[in-house]
Amino acid sequence: MIRGVVVVACVAALAGCGRSAPIDADTVQRLESRYADAVRDWLAADRLARDDGWTKTVEVGQLLAWAAAAGDVALYDALHPHAIATIRDDSVPLTRGFVAWRTRPDTPFDASGTTEALRIAEGLWHGAAAFARPEDRARARLILDGYARHAGVDQGIWMIRNYYNFGTGGFATNSYLVDYDPDFVAAVARATGDEDLRALAARSLALVQSAVAPSGLLYDLVQPEVVTLMPDASIVAFSPNDIVQLSNALAVAERVAHGAPDVARGCLAFAHRRAARLRAYYLGRTGQPYREDRAGLAVSCAAVRLAARLGDDAAMSVFLRRLLPEARAWIDAPTQPRAWIASEVLSALRFAHDRLAGRVNRPGAD
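Residues numbered from 1 in each chain as written. Predicted model: local features only at pLDDT ≥ 70, side-chain atom pairs only at ≥ 80, totals over all residues. Heavy atoms only, no water.

**Observations concerning the environment of glycine 216**
Stage number 1. Among the structural elements, glycine 216 can be located in the loop between helix 7 (195-209) and strand 8 (221-222).
Stage number 2. When the C-alpha atoms of glycine 216 and arginine 285 are compared, they prove to be 8.6 Å apart, with 69 residues separating the residues in sequence.
Stage number 3. Residues in contact with glycine 216, not counting those within four places in the same chain, are Gly266 and Cys267. (Helix = DSSP H or I, 4+ residues; strand = E, 2+ residues; numbered from the N terminus. Contact = heavy atoms within 4.5 Å.)

Quick look at the structure:
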């Protein structure tokens, strides 16, 4: 399972950014180093967890993937035990390879997480390539096999069910669009020749393509049982009250930038056109803002990554100029959820750095 996070934006420094000098890779890397140093400090002090004592797996996976992309073997090794601790590696065929959505010392897993599985698998897969760790490549495959067992069909709709409850022994009846990463799964399928993964990537891509709202954004939720209430409505994906969280839409779009570039470009264009007055929530049908909540760090990070994946340097520059002052303000006084925010910012800065340095793809993409 994954939980949304609302991060307050620091917007005062954005005025006049369109006339600023170009941003270079070194500028981005200096800020990136500050964030990486903070993560090292938290790990050394055993402060990776949130205030309630739980460590969220999605954060570990994203930090692990950053360490692999940045070639930071020391940080990768420090995060590695936290990543391994999330994997169900037992003799039960159904749950072997499932990944816990959160962990706490001496506490049994309560539920699996599908977004979390993808992020841990991604981190291990990239780490295996970056640091010659074949055992991590095998672990990534194990996790993707477990992820695939979350698949189900309800009301004729195929989906990856959001989680498995270890207490009740049942799967969720819904799915979130952030539970899919067709581009990554397809890359692993190409590298391994795994036809089952190829089919999984194709079905995942088709589901994301079916979730495009009239505004060009992506809806958040797949809940097939809704079809029983409105059997003639042909509903596949929707957002409650038609309210789309922009950060989620951009985060999903970046994971189909290669497989469905038209969908990804539609989401990026939506945000780019509104960059001067970006809001956190929009209505899926009309594209009108829902409330006046300003978009924060999560939106800036996702937009930078998406623009970099699509090779849209103009959009990346706009959102990078938005991101840098926000990210500097936050690292001066970090707040919870620390690891989540750091993982988002580090990932965005790494994509921007690589793009500015002339490197388009992350190491180990295939």
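**Thoughts on the state of the cysteines**
Stage number 1. Under the defined criterion, the tally for this structure stands at 0 disulfides.
Stage number 2. Of the cysteine sulfurs around cysteine 267, a residue in no disulfide, the closest is that of cysteine 301, at 17 Å. (Disulfide = S-S within 2.5 Å.)

**Points about helix 3 (residues 73-84)**
Stage number 1. With 12 residues, helix 3 extends 16 Å from end C-alpha to end C-alpha; this agrees with the ideal 16 Å at 1.5 Å per step.
Stage number 2. The elements touched by buried residues of helix 3 are helix 1 (25-44), helix 2 (57-70), helix 4 (114-131) and helix 5 (134-148). (Expected span 1.5 Å × (residues − 1).)

**What about the packing of aromatic side chains?**
Stage number 1. Applying the stated criterion across every chain yields a total of 10 aromatic pairs.
Stage number 2. Ring centres of phenylalanine 109 and phenylalanine 166 lie 6.1 Å apart, and the angle between their planes is 50°; this geometry places the pair in the tilted category. One end of the pair, phenylalanine 109, is in the loop between strand 2 (102-103) and helix 4; the other, phenylalanine 166, is in the loop between strand 5 (164-165) and strand 6 (170-171), with 57 residues separating them in the sequence.
Stage number 3. Measuring from centroid to centroid gives 4.9 Å for tyrosine 164 and phenylalanine 171, while their planes differ by 65°, and the two rings are edge-to-face. (Phe/Tyr/Trp six-rings, centres within 6.5 Å; stacked < 30°, edge-to-face > 60°.)

**Things to note about the packing of helix 5 against helix 6 (residues 182-192)**
Stage number 1. Relative orientation of the contacting elements helix 5 and helix 6 amounts to 120°, with a least axis distance of 12 Å. Considering the angle they form, helix 5 stands oblique to helix 6. Where helix 5 crosses over helix 6, the two elements pack in a sense that is left-handed. The residues of helix 6 that touch helix 5, namely those facing Arg137, Arg141 and Leu144, are Phe184, Val185, Val188, Ala191 and Thr192.
Stage number 2. By residue class, the composition of the contact of helix 5 with helix 6 is 5 nonpolar, 1 polar and 2 charged. (Axes fitted to C-alpha atoms, helices over the stretch in contact; angles between N-to-C directions. Parallel < 35°, antiparallel > 145°, perpendicular 65-115°, else oblique. Left-handed = near helix turned anticlockwise from the far one by under 90°. Nonpolar A, V, L, I, M, F, W, Y, C, P; charged D, E, K, R; others polar.)

**Looking at the nonpolar core**
Stage number 1. With 108 residues, the main nonpolar core has Tyr35, Tyr180, Leu218, Leu250, Leu320 and Leu323 as its most contacted residues.
Stage number 2. Excluding anything up to four places from it in sequence, leucine 323 contacts Leu297, Ser300, Cys301, Val304, Ala348 and Leu349. (Core = buried A, V, L, I, M, F, W, Y, C linked by side-chain atoms within 4.5 Å. Buried < 20%, exposed > 50% of the residue type's maximum accessible area, 1.4 Å probe, protein only.)

**Digging into the packing of helix 1 against helix 12 (residues 338-356)**
Stage number 1. Orientation of helix 1 relative to helix 12, taken along the N-to-C sense of each, is 150°, at an axis distance of 9 Å. Judged by the inter-axis angle, helix 1 sits roughly antiparallel to helix 12. Handedness of the helix 1/helix 12 crossing: left-handed. Here Ala25, Val28, Gln29, Leu31, Glu32, Tyr35, Ala36, Val39 and Trp42 of helix 1 lie close against helix 12, whose contacting residues are Arg338, Ala339, Ala342, Val345, Leu346, Leu349, Arg350, Ala352, His353 and Leu356.
Stage number 2. A per-class count over the contact of helix 1 with helix 12 returns 14 nonpolar, 2 polar and 3 charged.

**Some points on the pairing of strand 3 (residues 151-154)**
Stage number 1. By the bridge criterion, 4 bridges tie strand 3 to strand 4 (residues 157-160) in an arrangement that is antiparallel. Note on strand 4: the bridge partner recorded for glycine 152 is methionine 159.
Stage number 2. Here strand 3 folds back onto strand 4, and the loop between the two strands holds 2 residues, one of which, glutamine 155, carries a positive phi near 55°. (Pairing = 2+ DSSP bridges.)

**Comments concerning the pattern of salt bridges**
Stage number 1. Taken as a whole and assessed by the stated rule, the structure comprises 23 salt bridges.
Stage number 2. With a shortest N-O distance of 2.2 Å, arginine 40 and aspartate 72 are connected by a salt bridge. Placement of arginine 40 in helix 1 and of aspartate 72 in the loop between helix 2 and helix 3 is noted, with a sequence separation of 32 residues between them.
Stage number 3. Given a relative accessible area of 31%, arginine 40 falls into the partly exposed group.
Stage number 4. In this structure, aspartate 181 and arginine 255 form a salt bridge, with 2.7 Å as the shortest nitrogen-oxygen distance. Placement of aspartate 181 in the loop between strand 7 (175-176) and helix 6 and of arginine 255 in the loop between helix 8 (246-254) and helix 9 (261-273) is noted, with a sequence separation of 74 residues between them. For the pair shown, aspartate 181 and arginine 255 are each scored as buried.
Stage number 5. Among the ionic contacts, a cluster of salt bridges with common partners joins Glu254, Arg305, Arg309 and Glu344. (Salt bridge = Lys/Arg side-chain N within 4 Å of Asp/Glu carboxyl O.)

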